[in-house]
Amino acid sequence: MQRAIEEVGIPTVIIAALPPVVRQAGTPRAAAPIVPMGANAGAPNDIAMQTEIVKASLNLLEEIETPGKIVSLPFEYHAVI
Amino acid sequence: MSMTVVKGLQSEIFVPITPKSVWAPVTKPLSEMTVALATAAGVHRVDQERFNLAGDFTWRKIPNESTEAELMVTHGGYDNSDVNKDVNCMFPITRLKELAAAGFIKECAPFHAGFMGGGGNIEKFTNETGPQIAEMFKQEGVDAVLLTAG
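So, here's what we can say about the structure. (Residues numbered from 1 in each chain as written. Chains lettered and ligands numbered in written order. Predicted model: local features only at pLDDT ≥ 70, side-chain atom pairs only at ≥ 80, totals over all residues. Heavy atoms only, no water.)

With that settled, the discussion passes to the pattern of salt bridges. Residues and elements named next belong to chain B. Overall, the coordinates contain seven salt bridges over all chains when judged by the stated rule. Here lysine 28 and aspartate 143 are joined by a salt bridge, their closest N and O atoms 3.1 Å apart. Of this pair, lysine 28 sits in the segment before strand 1 (34–39) while aspartate 143 sits in the loop between helix 3 (122–139) and strand 7 (144–148); the two residues are 115 residues apart in sequence, bridging distant segments of the chain. Residues aspartate 47 and arginine 45 are paired through a salt bridge, measuring 3.1 Å at the closest nitrogen-oxygen approach. With relative accessibility at 58%, the residue aspartate 47 sits in the exposed group. (Salt bridge = Lys/Arg side-chain N within 4 Å of Asp/Glu carboxyl O. Helix = DSSP H or I, 4+ residues; strand = E, 2+ residues; numbered from the N terminus. Buried < 20%, exposed > 50% of the residue type's maximum accessible area, 1.4 Å probe, protein only.)

Written out as structure tokens, the structure reads:
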């Protein structure tokens, strides 16, 4: 999906809980906070964490200069299941 | 001692192939960008048809004015408990609206996209669903897309 959007000329960034998977799929830009599959943008109702993850991910649009780069983000949330 | 070379030798180990890079350059600062969300997390409006949990390559157009209460998730491929408590976990639409109001980005796109990733008909996703969503973003003048569920 990310690649299809890039192909029409729109830059993208994906928040990835599984960095090796997005690398294999050929992501152009990815953000990798330490999050589970069910909460890529941060813990439920944690507005501060969600805001920081979204901002840091969007910032990567300006920061990443080479295709395929995955940047770790310093946020951590573990779901209690 | 010379190297041993066997012509036509193939490894029996499956080696996945990473596709060639795609790259759309960023041409303006974030503060001038119209930003859309696209998620494979199975997000859709409550009044839209649910995804087929057995595999579904269709997608849902999600108006930006949708409230959190008007959104829900149909996806059998991950634990939905967090996203059911707060849809922003996978579809940070309220956070994006706040960032637009704060001037961090210029505005939210009028429509976002929800689909159900994690399998299904990959050929359809690649050749139909992906290009359809990309075309919608192009038509609505989107400058950048934030994806989740990677």
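And the narrative resumes.
For the rest of this paragraph, the subject is the packing of aromatic side chains. Within this structure, the stated rule accounts for one aromatic pair over all chains. For the pair Phe115(B) and Phe125(B), a centre-to-centre distance of 5.9 Å together with 55° between the ring planes defines the contact as tilted. Placement of the pair is Phe115(B) in strand 6 (residues 111–115) and Phe125(B) in helix 3, with a sequence separation of ten residues. Overall, the relative accessible area of 6% leaves Phe115(B) in the buried class. Directly above the ring of Trp23(B) sits Arg29(A), whose terminal nitrogen or CZ lies 3.9 Å from the centroid. (Phe/Tyr/Trp six-rings, centres within 6.5 Å; stacked < 30°, edge-to-face > 60°. Lys NZ or Arg CZ within 6 Å of the ring centre and 35° of its normal.)

Counting 41 residues, the largest nonpolar core has Leu58(A), Leu61(A), Val43(B), Phe91(B), Leu96(B), Ile105(B) and Leu146(B) as the members making the most contacts within it. Those elements that place two or more of their residues in this core are strand 1 (12–15), helix 3 (47–63) and strand 3 (69–76) of chain A together with strand 1, strand 4 (71–73), helix 2 (93–101) and strand 7 of chain B. Ranked by the residues each element gives to this core, the list is headed by helix 3 of chain A, at seven residues. Core analysis: the second largest hydrophobic core is formed by 23 residues, Ile10(A), Ala109(B), Phe137(B) and Val145(B) among them. (Core = buried A, V, L, I, M, F, W, Y, C linked by side-chain atoms within 4.5 Å.)

Quick look at the state of the cysteines now. Residues and elements named next belong to chain B. Here the structure, examined in full by the defined rule, presents zero disulfides over all chains. The thiol of cysteine 89 is not disulfide-bonded; the next cysteine sulfur, from cysteine 108, is found 18 Å away. Judged by its relative accessible area of 11%, cysteine 108 is buried. (Disulfide = S-S within 2.5 Å.)

Next up on the list: the environment of Val35(A). All names here are of chain A. Summarising the element assignment, valine 35 is placed in the loop between strand 2 (29–34) and helix 3. Take valine 35: its relative accessible area is 10%, and that puts it in the buried class. The sequence separation of valine 35 and tyrosine 77 amounts to 42 residues, and the corresponding C-alpha distance is 5.2 Å. In this view, valine 35 contacts Ala17, Asn40, Gly42, Ile53 and Tyr77; residues no more than four positions away in its chain are not counted. (Contact = heavy atoms within 4.5 Å.)

Of note in the backbone geometry, Asn45(A) takes a positive phi value of approximately 65° without being a glycine. With respect to the helices, strands and loops of the structure, Asn45(A) is situated in the loop between strand 2 and helix 3. Positioned with a positive phi, Ala149(B) is a non-glycine residue whose angle comes to about 80°.

Moving on to the pairing of strand 7 of chain B. Burial runs high along strand 7 of chain B: five of the five residues are buried. Side chains of strand 7 of chain B alternate between two faces, with Ala144(B), Leu146(B) and Thr148(B) and Val145(B) and Leu147(B) buried alike. In terms of strand pairing, strand 1 of chain A meets strand 7 of chain B through three bridges, oriented parallel. Bridge pairing in strand 7 of chain B links Val13(A) to Leu146(B). Strand direction decides the pairing type here: strand 1 of chain B and strand 7 of chain B, joined by five bridges, are parallel. Opposite Leu37(B), over in strand 7 of chain B, you have Leu146(B) as the bridge partner. (Pairing = 2+ DSSP bridges.)

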